[in-house]
Amino acid sequence: MELKQKHTKLGKVLMVALALLVSSSVAADQAKLSPPPNQTLPGCKDTCGDVKIPYPFGTGMSSTSDHKSCFLHNGFSLTCNNSILYLGNVQVLNISVQGQMDLLFYVSSPNCYSQGGKFNSGNLPTLKFANFSISRKENKFLTVGCNSFGYLNSFYNSEVYSTGCLSRCYGNERKIENGTCSGIGCCQVDIPPSMRNISIKANSFTNSTEYSGGNCSYSFVVKDGNYTFDTNHLYDFPYEMLPMVVDWTVGNQSCDASKSRVHYACMKNTYCNDKDTDLLGYRCICNEGYEGNPYHPDGCRDIDECKTSNNTCLSENNCHNTDGSYKCFCPKGQSGDGTKNGGCHRRDIVTQVVIGTGAGFILLIVGISSLYLIYEKRKLIKLKEKFFKQNGGIILQQRLSAGENTSQSTTVFSAEQLKKATNNYDESLIIGRGGYGTVYKGILSDKRIVAIKKSKIVDQSQIEQFINEVIVLSQINHRNVVKLLGCCLETEVPSLVYEFVNNGTLFDYIHKEGKAGNVPWKTRLRIAAEAAGALSYLHSAASIPIIHRDVKTANILLDDSYTTKVSDFGASRLVPLDQTELATMVQGTIGYLDPEYMQTSQLTEKSDVYSFGVVLVELLTGEKPLCFDRSEEKRSLAMHFLSCLREDRLFEVLQFGILNVENKEEIKEVAILATKCLRLRGEERPSMKEVAMELDGIRLMEKHPWINTDVNLEETHYLLHEASSSIREHGDSSSHQNTGYDSIKDHVLIDFDDGR
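Described in the following lines is the structure provided in the data block. Every residue gets a number counted from 1 within its own chain, in the order that chain's sequence is written. It should be noted that, the model being predicted, local features are given only for residues of pLDDT at least 70 and side-chain atom pairs only at 80 or more, the latter also being counted only at that level, while totals for whole chains, interfaces and linings use all residues. Side-chain numbers come from the whole structure's heavy atoms, not from hydrogens or water.

### Considerations on the overall build of the protein chain
What the protein chain contains, in helices and strands, is 15 helices and 39 strands. For each residue, the accessible area found with a 1.4 Å probe, counting protein chains only, is set against the maximum for its type, and the residue is called buried under 20%, exposed over 50%, and partly exposed in between. Buried positions account for 45% of the 756 residues belonging to the protein chain. Here, two residues are considered to be in contact whenever any of their heavy atoms come within 4.5 Å of each other. Taking contacts inside the protein chain between residues at least 6 apart in sequence as the whole, the part at least 24 apart equals 62%. Here the accessible surface of atoms and residues is derived via Shrake-Rupley with a 1.4 Å probe, and residues count as covered only by protein chains that are part of the display. Surface summary for the protein chain: the accessible area is close to 39,900 Å², and the carbon and sulfur share equals 52%. Runs of E in the DSSP output that reach at least two residues are strands. Runs of H or I that reach at least four are helices, and both are numbered from the N terminus.

Next comes the structure, spelled out in structure tokens:
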């Protein structure tokens, strides 16, 4: 019995010793693994509550002897208060060294409209940090309410732009579904790029006649998937703050410009990236095979792939770690690659056979690859031939051989020519984007600089008309119309090649900061006369009349000498000689669109006249044709201009600096002409030929002042008075603003048709 007890005690001692041995072995294995990389500076707080604080972010000063800041610069300074981390006054939920931060941001609420007609104005949440922008990939902008619309505004470096959405129920709350945000009771939009220094505004419609218990409006940015709409939220919204993701960068210059600077933030074993950011500055990323914090002074450290599962070797004994990578090997006396697929085996004569077989196999692969490349090349040639026929190349060749294009030559470019001219359509050569395609700057083999418009879509039912337009437009030889040099038909959608005009658009010339005040009246008058002459030529002198259909300052280009070039015929239509109007889907740009055309869908040359009238008003006032930043009565420029003319306040609406004693009468004449162009009924408007002649006459008065007799002066006053009286009698465009479009953007392209 005593012997048995001794054996039992001995067994227990052996079990304890074995446990200690196992635990020491595990501890030794763990000791082989490197400690986690440093994320914060020495002596700095690395967490606040549950949130980790990686450098370049930090709170306060370090506790070491040097007492340095724990953050890179003041833009990355955080505050930890009661275990809650703050950026300014905004709570931080998470920080990623990959360039994102989760915040708890305020809901703009409530903006309420009561049945008695009283408003309770909501708060206006703002977020103003230069190195942070709203992540467009991770967030959505929402507005909740039955009579609501919300704005998300961005203000940075004198650039202001907005997005938003509206929600109207009209008493149909029963049709609203939980869990959906489809536009009734709840609407949502994607976040545009570069939204920084933001403010959020929720509004309720003041003139709504419907009323329900939920007439409050709420607008907010929320991390995608972190908010689910519920109909109860219309009556009692439960959140004051919701999570939101922001992107962040360091510095304020590109990678190339920052690498030579003292405060370059990317440390050892990292690289700089400025391609995928909406902000100024750059991000630092660990090199492949490295891990850690790329901003930390220690940099990123090598990952020992042999001690992780991120290797393909048979085992850790067959793995050799290298700087940034690893190698698999076999022990001496064995052959193979040491990987899980290849393995290791003893060397024998079979190896030579395998090598010989492998060499033969490689030769076979090379031969098959060569045949495949030849096949693919032939396939590509056939595909180009298919696209050429599909896009009307045969029709174009027949028309050219029949001598239909006698005045000018139309060049049919190959796809390779345009690829070479644009460096394979390099994004850095993009000079414009439109509703119908992207425009690239290109240099042909003969050193000519051209503009290449790569279309988005083409309607196969309109191929013959497209080829006809190419031929007709290439015949246009007018100094104030951008010249069409040719086309390429070897791709799925055709490309058009135009002459290159290098001094921007009239829109930029009028509205860009620093330029507007430098545009003298004489230059404005000349540009207007040249543009009118070009449109007159298209309407009445071209072999087949052409209606431009999208006349606006953004489609009027200027060359080095500020000579006008009318461009962008993507929406243009040819008018058969026996017709005066065409029935089309409404197409154009809000603010310039002819109200009569919008109501009847009947396109005439007088539609271009109305749009040109808006261009004249734009030249007179220096204002954009449609701007929601202005008050409601001034939102439509044409309506506001006619209203001022009706109230004899013409000189109040003119752009500051263009009016003087010498040009006062000329400005009155142009204002009268603009009023004629903006008449609601097309038949009452002048033709473009009459507009061009009248502008030339005004310029002639300027060059030969003796023509401007007292009779002309009295006639000008009379016409101006008649224009004002006519507006008072017949009303202005305000009575025709209900076009069926409800938008919150300044410029909206209505793309209903098949224009190219």
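Picking up where we left off.
### As for the sheet that holds strand β3 (residues 79–81)
If you walk across this open sheet you meet the 6 strands as β3-β4-β5-β6-β17-β10, and the pairing is antiparallel. Either end of the sheet is taken by a strand with one partner, and the two such strands are β3 and β10 (132–134). Ignoring which end each strand starts from, the neighbouring axes of this sheet average 45 degrees apart. Looking at chain direction, strand β5 (residues 90–96) and strand β6 (residues 100–106) are connected through 5 bridges and run antiparallel. In the sheet register, Ser96 faces β6, and the bridge partner there is Gln100. DSSP bridges decide pairing: two strands pair if at least two such bridges lie between them. Geometry is summarised by axes, namely lines fitted to C-alpha atoms with helices restricted to the contacting stretch, and by angles between N-to-C directions that run from 0 to 180 degrees.

### Overview of the sheet that holds strand β13 (residues 159–168)
Spatially, β9-β15-β12-β13 is the arrangement adopted by the 4 strands of the open sheet, whose pairing is antiparallel. Bordering the open sheet on either side are β9 (126–127) and β13, each of which pairs with just one other strand.

### Examining the nonpolar core
In plain words, nonpolar cores are sets of buried Ala, Val, Leu, Ile, Met, Phe, Trp, Tyr and Cys residues tied together by side-chain atoms within 4.5 Å. Residues Leu506, Phe612, Leu620, Phe641, Val670, Val691 and Leu695 are the most contacted members of the largest nonpolar core, which totals 69 residues. When sequence neighbours within four positions are dropped, the list of residues in contact with Phe641 reads Val617, Leu620, Thr621, Leu650, Val653, Ala671, Ala674 and Thr675. Core analysis: the second largest hydrophobic core is formed by 41 residues, Val92, Met101, Phe105 and Tyr295 among them.

### A short note on unusual backbone geometry
Each neighbour pair has its own omega, and for Tyr55 with Pro56 the value is 20 degrees, a cis peptide bond. Note on placement: Pro56 falls in the loop between β2 (51–52) and β3. In this structure, Ser83 takes a positive phi of about 65 degrees despite not being glycine. Within the secondary structure, Ser83 sits in the loop between β3 and β4 (84–87). Positive phi, normally seen in glycine, also occurs at Asn424, with a value near 60 degrees. Tracing the sequence through the fold places Asn424 in the loop between α5 (415–421) and β27 (430–433).

### Let's talk about the state of the cysteines
Throughout, a disulfide means two cysteine sulfur atoms within 2.5 Å of one another. Evaluation of the coordinates by the stated rule reveals 11 disulfides. Here Cys165 connects covalently by a disulfide to Cys187, the sulfurs 2.1 Å from one another. The sign of the 75 degrees torsion about the S-S bond sets the Cys165-Cys187 disulfide as right-handed. Placement of Cys165 in strand β13 and of Cys187 in strand β14 (residues 186–190) is noted, with a sequence separation of 22 residues between them. Just as Cys165 is buried, Cys187 falls in that class too. The side chain of Cys255 participates in a disulfide bridge whose partner is Cys272; the two sulfur atoms lie 2.0 Å from each other. The chirality of the disulfide connecting Cys255 with Cys272 is left-handed, given an S-S dihedral of about -85 degrees. Here Cys255 is found in helix α2 (residues 255–258), whereas its partner Cys272 is found in strand β18 (residues 270–273), with 17 residues between them in sequence.

### A short note on helix α10 (residues 605–621)
It helps to recall that an α-helix has 3.6 residues per turn; residues three or four apart then point in one direction. Helix length check: α10 (17 residues) gives 25 Å between terminal C-alpha atoms against 24 Å at 1.5 Å per residue, within 8%. Just past α10, the residue Gly622 takes up positive phi, approximately 75 degrees. One less than the number of residues in a helix, times 1.5 Å, gives the span that helix is expected to have.

### Looking at the side chain of Asn480
Considering the arrangement of structural elements, one finds Asn480 in the loop between α6 (463–475) and β30 (484–488). Excluding its chain neighbours within four sequence positions, the residues that come into contact with Asn480 are Glu530, Ala534, Thr563, Thr564, Lys565 and Val566.

### Regarding the pairing of β4
By the alternation rule, side chains of β4 split into Leu85 and Leu87, which are all buried, and Ile84 and Tyr86, of which none is buried. Alignment of β3 against β4, held across 3 bridges, turns out to be antiparallel. Note that in β4 the partner of Asn81 across the bridge is Ile84. Counting the residues between successive antiparallel strands, the hairpin from β3 to β4 contains 2 residues, one of them, Asn82, with a positive phi of roughly 55 degrees. Note: β4 against β5, 2 bridges, orientation antiparallel. From the neighbouring strand, Tyr86 faces β5, where its bridge partner is Gln91.

### Topic: the packing of aromatic side chains
Ring pairs are drawn from Phe, Tyr and Trp, using the six-membered ring of Trp, whenever the two centres fall within 6.5 Å, and their geometry is named by plane angle: stacked under 30 degrees, edge-to-face over 60, tilted for the rest. With the rule as written, the count across this model stands at 17 aromatic pairs. Arranged with centres 6.3 Å apart and planes meeting at 50 degrees, the rings of Phe57 and Phe132 form a pair that is tilted. A residue pair is termed long-range when its members are at least 10 positions apart, and Phe57 in the loop between β2 and β3 and Phe132 in strand β10 qualify at 75 residues. For Phe57, a relative accessible area of 1% puts it in the buried group. Phe132 gets classed as buried once you look at its relative accessible area, which sits at 4%. Ring plane angle 70 degrees and centroid distance 5.1 Å describe the contact between Tyr425 and Tyr440, whose orientation is recorded as edge-to-face. Of this pair, Tyr425 sits in the loop between α5 and β27 while Tyr440 sits in strand β28 (residues 437–443), placing them 15 residues apart in sequence. Judged on exposure class, the residue Tyr425 and its partner Tyr440 are both buried. Members of the aromatic cluster, joined through ring pairs, are Phe57, Phe76, Phe132, Trp248 and Tyr295. The residue whose ring lies beneath Lys454 is Tyr425, and the NZ or CZ to ring-centre distance is 4.1 Å. Consider the ring centre and the ring normal. A charge sits over the ring if Lys NZ or Arg CZ is within 6 Å of that centre and within 35 degrees of that normal.

### Considerations on the packing of α10 against helix α11 (residues 637–646)
Contact geometry of α10 with α11 gives a least axis separation of 10 Å together with a crossing angle of 70 degrees. Judged on the interaxial angle alone, α11 and α10 are roughly perpendicular. For the crossing formed where α10 meets α11, the hand is left-handed. Each of Tyr610, Val617, Glu618, Leu620 and Thr621 in α10 lies in contact with α11, whose residues at this interface are Leu637, Ala638 and Phe641. Residues are grouped as follows: Ala, Val, Leu, Ile, Met, Phe, Trp, Tyr, Cys and Pro are nonpolar; Asp, Glu, Lys and Arg are charged; all remaining types, including Gly, are polar. Partitioned by chemical class, the residues of the contact of α10 with α11 number 6 nonpolar, 1 polar and 1 charged. Here the angle decides the label: under 35 degrees means roughly parallel, over 145 means roughly antiparallel, 65 to 115 means roughly perpendicular, and every other value means oblique. Crossing chirality is assigned from the near helix's rotation relative to the far helix, an anticlockwise turn below a right angle marking it left-handed and a clockwise turn marking it right-handed.

### Topic: the environment of Ala528
With respect to the helices and strands, the residue Ala528 is situated in helix α8 (residues 521–540). In contact with Ala528, other than residues within four places in its own chain, are Phe612, Leu616, Leu619 and Leu695.

### As for the pattern of salt bridges
Two side chains carrying opposite charge are able to pair once their charged atoms lie near each other. Counted as salt bridges are all cases of a side-chain nitrogen of Lys or Arg within 4 Å of a carboxyl oxygen of Asp or Glu. Within this structure, the stated rule accounts for 17 salt bridges. Salt-bridge contacts for Lys140 lead to Asp190; the nearest nitrogen and oxygen are separated by 2.3 Å. Of the two residues, Lys140 sits in strand β11 (residues 139–144) while Asp190 sits in strand β14, which places them 50 residues apart along the sequence. Residue Arg448 pairs with Asp446 through a salt bridge whose shortest N-O separation is 2.8 Å. The partly exposed category is assigned to Arg448, whose relative accessible area is 37%. Look at Asp446 and you get partly exposed, because its relative accessible area is 45%. A single network of salt bridges, built from pairs that share partners, joins Arg646, Glu647, Arg649 and Glu652.

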